[in-house]
Amino acid sequence: MHAGRHYPLKHVILWTRRETFAFAVIAAVPTILYATGWSWITVPWLPIALIGTAVAFITGFKNNASYARLWEARQIWGSIVNTSRSFGVMACDYLLQEPGNSGPVVDLAAARDRLIARHIAWLTALRFQLREPRAWENIGLVHNAEYRRYYQIPERDNDYLGIELGKLLTPADCAAILATKNPAAQLLAQQSHALRDLRERGFLSDYRHVALTDALVELYEHQGKCERIKNFPYPRQFATLNLLFVWLFIALVPLGLLQEFSKLGDGFVWLTIPAGVIVAWVFHTMDKIGESTENPFEGGPNDVPITAIARAIEVDLREMVGQKDLPPLLQPRGEILM
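Residues numbered from 1 in each chain as written. Predicted model: local features only at pLDDT ≥ 70, side-chain atom pairs only at ≥ 80, totals over all residues. Heavy atoms only, no water.

(A) Structural context of the overall build of the protein. In terms of helices and strands, the protein carries 12 helices and 0 strands. The linear arrangement of helices and strands in the protein, starting from the amino end, is α-α-α-α-α-α-α-α-α-α-α-α. Against the 2.2 N^0.38 benchmark of 20 Å for 338 residues, the protein shows a C-alpha radius of gyration of 27 Å, more extended than a compact globule. Per-residue burial over the protein gives 45% buried out of 338 residues. A separation of at least 24 residues holds for 80% of the contacts in the protein among residues at least 6 apart in sequence. Accessible surface for the protein amounts to roughly 16,700 Å². Of this, 63% is attributable to carbon and sulfur atoms. If you average the places of the 33 positive and of the 33 negative side-chain charges in the protein, the two averages end up 3 Å apart. (Helix = DSSP H or I, 4+ residues; strand = E, 2+ residues; numbered from the N terminus. Rg over C-alpha atoms; globule rule 2.2 N^0.38 Å. Buried < 20%, exposed > 50% of the residue type's maximum accessible area, 1.4 Å probe, protein only. Contact = heavy atoms within 4.5 Å. Areas by Shrake-Rupley, 256 points an atom, 1.4 Å probe, with all protein chains shown as cover. Lys, Arg positive; Asp, Glu negative; His and termini not counted. Charge placed at Lys NZ, Arg CZ, Asp CG, Glu CD.)

Right, here's the structure in full:
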């Protein structure tokens, strides 16, 4: 997530410079041919304008759909924040020595700490899973990979999820979790087993056990919603048609501009090159912005800052159990907050 007022113009130019060069070539070739006598190469502007209208509609549709995916992802992680805080409060206050239970009271503090640590481990596993690459994602494209010098993706730069989980779980639990296909889901299952054990030992009443279990169910739902966005891309048929239509329009624009500028005089046809570049740049950059927004967990500069959100939740939970040595909240790097 960009945490500044706006992207610097320098960054925008660098991000789009390859396409801008291609636009200049596409506009220059027919202009030069026209100047050498190929006057028949022009095309009436009206059909090109109709195509441009269609491209504008389909690009607007793509951008709206991409923003909807981004906003839904942010809402999901807002819900994760709320549910995590609720779970932390209940984990701190609901573990009690029930009447008639002779079990050692000292175990309650350790059980509470394990619940909190396991929840932080769930957040860690979830963000690592959401940052895993997919074939349809755009983070690996040249312009996006190049832009990564301005920020860092912790989940991509950390060599092994086990390093992070090892700080939060016992060696046995960590090994068991890492051996599973979906570590985040299995951590919630471990939480459920731990709550059941506490209930059977008399440290949780039925009502409180149900309340904590309901929180786990909500966390499962939040994870499932994240996985739906992560594993189901913006439909490829729309993305493909949008790409083809945008480049078709870009290729036709100089042919229509040639006819319009030729009406002003032969010398004015050279204005086709800068005008064609500007028109092509606007349409293509609109499409490119939608493309950079459609996968909100891939690790791009416009993604939901799940690493920073997870760290904020971790700080809240550790404060709830009275810990003093808290990790710092994450700050933007190059105005990008991950």
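(B) Geometry of the nonpolar core. Membership of the largest hydrophobic core comes to 53 residues, with the highest contact counts inside it found for Trp77, Ile80, Trp122, Leu169, Phe297 and Val304. Looking at this core, the elements with two or more residues in it are helix 2 (45-93), helix 3 (107-130), helix 6 (161-166), helix 7 (171-178), helix 8 (183-200), helix 9 (206-231) and helix 12 (306-320). Of the residues forming this core, the biggest block, 12 residues, is contributed by helix 3. Ignoring any residue separated from it by four or fewer positions in sequence, one finds Trp77 in contact with Leu123, Leu126, Leu130, Cys226, Phe297, Val304, Ile306, Ile309 and Ala310. Counting residues in each nonpolar core, the second largest holds 13 residues, with Phe23, Ile48, Phe249 and Phe283 among its members. (Core = buried A, V, L, I, M, F, W, Y, C linked by side-chain atoms within 4.5 Å.)

(C) How the structure looks around helix 3. With 24 residues, helix 3 should cover 34 Å at 1.5 Å per step; its first-to-last C-alpha distance of 35 Å lies within 8% of that length. Counting buried positions along helix 3 gives 18 out of 24 residues, so the element sits mostly inside the fold. (Expected span 1.5 Å × (residues − 1).)

(D) Representation of the packing of helix 3 against helix 8 in the model. Running from amino to carboxyl end, helix 3 crosses helix 8 at an angle of 165 degrees, the nearest separation of the two axes being 8 Å. When the axis of helix 3 is compared with that of helix 8, the two are roughly antiparallel. Every pair of crossing elements has a handedness; the one defined by helix 3 and helix 8 is left-handed. Taken together, the residues of helix 8 that come into contact with helix 3 (itself represented by Ala111, Leu115, Arg118, His119, Ala121, Trp122, Ala125, Leu126 and Gln129) are Pro183, Ala184, Leu187, Leu188, Gln190, Gln191, Ala194, Leu195 and Leu198. (Axes fitted to C-alpha atoms, helices over the stretch in contact; angles between N-to-C directions. Parallel < 35°, antiparallel > 145°, perpendicular 65-115°, else oblique. Left-handed = near helix turned anticlockwise from the far one by under 90°.)

(E) Spotlight on the pattern of salt bridges. The final tally for this structure, using the stated rule, is 19 salt bridges. Residues Asp206 and Arg199 are paired through a salt bridge, measuring 2.5 Å at the closest nitrogen-oxygen approach. When its relative accessible area of 28% is taken as the criterion, Arg199 is described as partly exposed. Here the salt bridges share partners, and the residues they tie into one network are Arg127, Arg131, Glu155 and Asp303. (Salt bridge = Lys/Arg side-chain N within 4 Å of Asp/Glu carboxyl O.)

(F) Quick look at the layout of surface pockets. Of the volumes computed, that of the largest pocket is approximately 510 Å³. For the largest pocket, the lining is made up of 27 residues, of which Arg127, Pro154, Thr307, Arg311 and Leu330 are closest to its centre. For the lining of the largest pocket, the secondary-structure elements that each account for two or more residues are helix 3, helix 5 (154-157) and helix 12. When the residues that make up the lining of the largest pocket are grouped by side-chain class, the tally is 13 nonpolar, 5 polar and 9 charged. (1 Å grid on protein atoms, 1.4 Å probe; cavity = no way out; pocket = protein on both sides within 12 Å on 5 of 7 lines; lining within 4 Å. Points joined across faces, edges and corners; volume = space filled by probe spheres on them. Nonpolar A, V, L, I, M, F, W, Y, C, P; charged D, E, K, R; others polar.)

(G) Fine view of the packing of aromatic side chains. Tallied over the entire structure, the rule returns 8 aromatic pairs. Measuring from ring centre to ring centre gives 6.4 Å for Tyr147 and Tyr151, while their planes differ by 50 degrees; the resulting arrangement is tilted. You can call Tyr147 buried: its relative accessible area is 7%. An aromatic cluster is defined as three or more aromatic residues linked by ring pairs; in this entry it consists of Tyr7, Tyr147, Tyr150 and Tyr151. (Phe/Tyr/Trp six-rings, centres within 6.5 Å; stacked < 30°, edge-to-face > 60°.)

(H) Inspection of unusual backbone geometry at higher detail. If you check the backbone angles, Glu335 has positive phi at about 65 degrees while not being a glycine. For Glu335, a relative accessible area of 38% translates into the label partly exposed.

(I) Examining the environment of Arg228 more closely. Mapped onto the elements, Arg228 comes out in helix 9. Residue class for Arg228 comes out partly exposed when judged on its relative accessible area of 42%. For the pair Arg228 and Ala73, spaced 155 residues apart in sequence, the C-alpha to C-alpha distance is 10.0 Å.

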